[in-house]
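Structural features, examined
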Amino acid sequence: MSRLDTAQVRTVIYEGPGSLPLEANVRSQIMAALLEKGFAVTSLRDRRPVTALPRDFLLVLGRFVSEPPQFHSEVALRFQQIEGMDSGAVVKAAEELQANTGGVKAGAWKPWFPVIDYTRCTNCMQCLSFCLFDVYGVSAGGKIQVRNHDNCKTDCPACSRVCPEVAIMFPKYRHGPINGDQVSEDDMRREAMKVDISALLGGDIYSLLRDRSAKAKSRFSKERDDERALKERQNCLLKLQKEMDIPMEVLASLPSPEAIRAKAEQAAARVRDALTSNSSTPEAS
Amino acid sequence: MSAPPVRILYCHCAFARVVPTDVKSSVLATLAASGVEFEAVPDLCEMSARQDPRMAELASGPVRLAACYPRAVRGLFEAAGSPLPGSAQILNMRAEPAEKVAAALLTEE
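Residues numbered from 1 in each chain as written. Chains lettered and ligands numbered in written order. Predicted model: local features only at pLDDT ≥ 70, side-chain atom pairs only at ≥ 80, totals over all residues.

Another aspect to go through is the overall build of chain B. The helix and strand inventory of chain B stands at five helices and four strands. Taken from the N to the C terminus, the helices and strands of chain B come in the order β-α-β-α-α-β-α-β-α. A compact globule built from 109 residues should have a C-alpha radius of gyration of about 13 Å, and chain B, at 13 Å, falls within 12% of that. For chain B, the proportion of its 109 residues judged to be buried stands at 54%. Restricting to contacts in chain B with at least 6 residues of sequence separation, those with at least 24 account for 73%. (Helix = DSSP H or I, 4+ residues; strand = E, 2+ residues; numbered from the N terminus. Rg over C-alpha atoms; globule rule 2.2 N^0.38 Å. Buried ≥ 20, exposed ≤ 12 C-beta atoms within 10 Å, placed from the backbone. Contact = placed C-beta atoms within 7 Å.)

Dropping the structure here:
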């Protein structure tokens, strides 16, 4: 099960009938404290339904003056009297509910994954071919999509750099246009100059890694020069890190050359299947 | 029949330091002090990855969002299967000052 499929606790600050209003600064402090700990907050002044996943829990916070109000909700509810509580105590109550219900601790995963700008994407599948971690998949209609968000390697934007259309965004990246900022003429010129990753690195990334590894092995067997082989590999990885802003941890955890080759072949087959399917189903284009 | 009220959504981008802290704190404080109803979420990216059904609810009518780059925000909603309406107003806390974002969020109809 993906960590994204686990239950969450959501909070509601209720200030409608039956609950006294909070001071503005108290409301703000409680909200900020809950958000910092990863709890969503709905500021509510009536009893409209609050949407949540059936597996989630709602913690309704208020300065209740009598019995808690009746809410229409399809998820489990708990009411928490917060009269006299500071923001730390409110967060603690939310965390206790989270612990008691087996809810996932918010923030355990930095939400780092690619977001496709379908207004730019041409469905070329280069991202699917490139990614070694099965982040991408193809929909039933033959459209590229992000399938396994939490397989993505935190802080690694490499696939966005192989996209010829600047269509892959990482909203938490530092710089545009990968962070979602507008794509400028300069960005497009850079893409055109880049042509493809082969030109950038003197061979596609898989073959580059394979070749370097093979050379290193060969050198090791012939010369027994493990230091030189290691230096060669480090140079290769540093070049990748510099050119593509790939974290060293990701490069250091790459699969073996054999596994990379197998992955590349599998990806190529998936791309072929998808593109063949698309060419025979016009609605998928 | 009157138009549905505009929903207000604030994203705290809690799990990364890409939105300036002073900007998001100021926007949240202004919203909280205004007395309007609104939704505050720790992180829209995480909601998108979880395919959170509230994204469909938020995208179902007029909405104003304080988050980050509009292209990214629209992509996040689309990835969750709930594209934002074209009329959605997305305010960028990474690039705009807090006062401008808060004023736009709280603009009267």
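Residues and elements named next belong to chain B. Burial of strand E3 (residues 63-67) is extensive: five of the five residues sit out of reach of the surface. Alternating residues of E3 divide into Val63, Leu65 and Ala67 and Arg64 and Ala66, and every residue in both groups is buried. Of the pairings in the sheet, the one linking strand E1 (residues 7-11) to E3 comprises four bridges and is parallel in character. Residue Tyr10 lies in a different strand from E3, and its bridge partner there is Ala66. (Pairing = 2+ DSSP bridges.)

Glancing now at the confidence of the model for chain A. Residues and elements named next belong to chain A. When the pLDDT values of chain A are averaged, the result is 80; 75% of them are 70 or greater. The lowest-confidence element of chain A is helix H6 (residues 197-201), averaging 47 in pLDDT; the highest-confidence one is strand E6 (residues 115-116), averaging 98. Residue range residues 195-203 is modelled with pLDDT below 50. Its contacts to residues more than four positions away, or to other chains, number 13 contacts. When the criterion is pLDDT under 50, residues 219-224 qualifies, and its contacts beyond four places in sequence or with other chains add up to six contacts. (pLDDT = per-residue confidence, 0-100.)

Let us now look at the nonpolar core. Cys127(A), Tyr10(B), Leu65(B), Ala66(B) and Val73(B) are the most contacted members of the largest nonpolar core, which totals 96 residues. A domain split of this core shows at least three residues from each of domain 1 (3-100) and domain 2 (115-284) of chain A. (Core = buried A, V, L, I, M, F, W, Y, C linked by C-beta atoms within 7 Å. Domains from an automatic or database assignment.)

Let us look at the interface of chain B and chain A. Taken together, the 33 residues of chain B in the interface contact 36 residues of chain A. Secondary structure elements with two or more residues in the side of chain B that touches chain A: helix H1 (21-34), strand E2 (38-41), helix H2 (44-49), helix H3 (53-58) and helix H4 (70-79) of chain B. Among the elements that make up the side of chain B that touches chain A, the one with the highest residue count is H4(B) (six residues). Classifying every residue of the side of chain B that touches chain A by side-chain character gives 20 nonpolar, three polar and ten charged. The sheet contact formed by strand E3 (residues 41-44) of chain A and E2(B) spans three bridges and is antiparallel. When the bridges of E2(B) are listed, Ser43(A) appears paired with Phe38(B). (Nonpolar A, V, L, I, M, F, W, Y, C, P; charged D, E, K, R; others polar.)

Turning next to the packing of helix H1 (residues 24-36) of chain A against helix H2 (residues 87-100) of chain A. Residue and element names in this part refer to chain A. At a closest axis distance of 9 Å, the pairing of H1 and H2 adopts a crossing angle of 40 degrees. When the axis of H1 is compared with that of H2, the two are oblique. The way H1 lies across H2 gives a crossing that is right-handed. Listed contacts from H2 to Gln29, Ile30, Ala33 and Leu34 of H1 are Ser87, Gly88, Val90, Val91 and Ala94. Residues that form the contact of H1 with H2 fall into these classes: six nonpolar, three polar and no charged. (Axes fitted to C-alpha atoms, helices over the stretch in contact; angles between N-to-C directions. Parallel < 35°, antiparallel > 145°, perpendicular 65-115°, else oblique. Left-handed = near helix turned anticlockwise from the far one by under 90°.)

Moving on: the packing of H1(B) against helix H5 (residues 98-105) of chain B. Geometry of a packed helix pair, given as the angle between the helix axes and the separation of the axes. Residue and element names in this part refer to chain B. With their axes 9 Å apart at the nearest point, H1 and H5 run at an angle of 30 degrees to one another. In terms of orientation, H1 and H5 fall into the roughly parallel class. Between H1 and H5 lies a crossing whose hand is right-handed. In this structure, H1 uses Val23, Ser26, Val27, Thr30 and Leu31 to contact H5, whose residues at the interface are Ala98, Val101, Ala102 and Leu105. Split into classes, the residues belonging to the contact of H1 with H5 amount to seven nonpolar, two polar and no charged.

Looking now at unusual backbone geometry. One can expect most non-glycine residues to show negative phi and most peptide bonds to be in trans. For the bond from Gly176(A) to Pro177(A), the omega torsion is 0 degrees, close enough to zero to count as cis. Structurally, Pro177(A) can be placed in the loop between strand E9 (168-169) and helix H5 (185-194). In this structure, Met125(A) takes a positive phi of about 75 degrees despite not being glycine. Looking at the secondary structure, you find Met125(A) in the loop between E6 and helix H3 (126-130). Classification of Met125(A) by C-beta neighbours within 10 Å gives buried; the count is 21. Unusually for a residue other than glycine, Cys13(B) sits at a positive phi of about 40 degrees. Within the secondary structure, Cys13(B) is located in the loop between E1 and H1. Cys13(B) gets classed as buried once you count the C-beta atoms within 10 Å, which come to 26.

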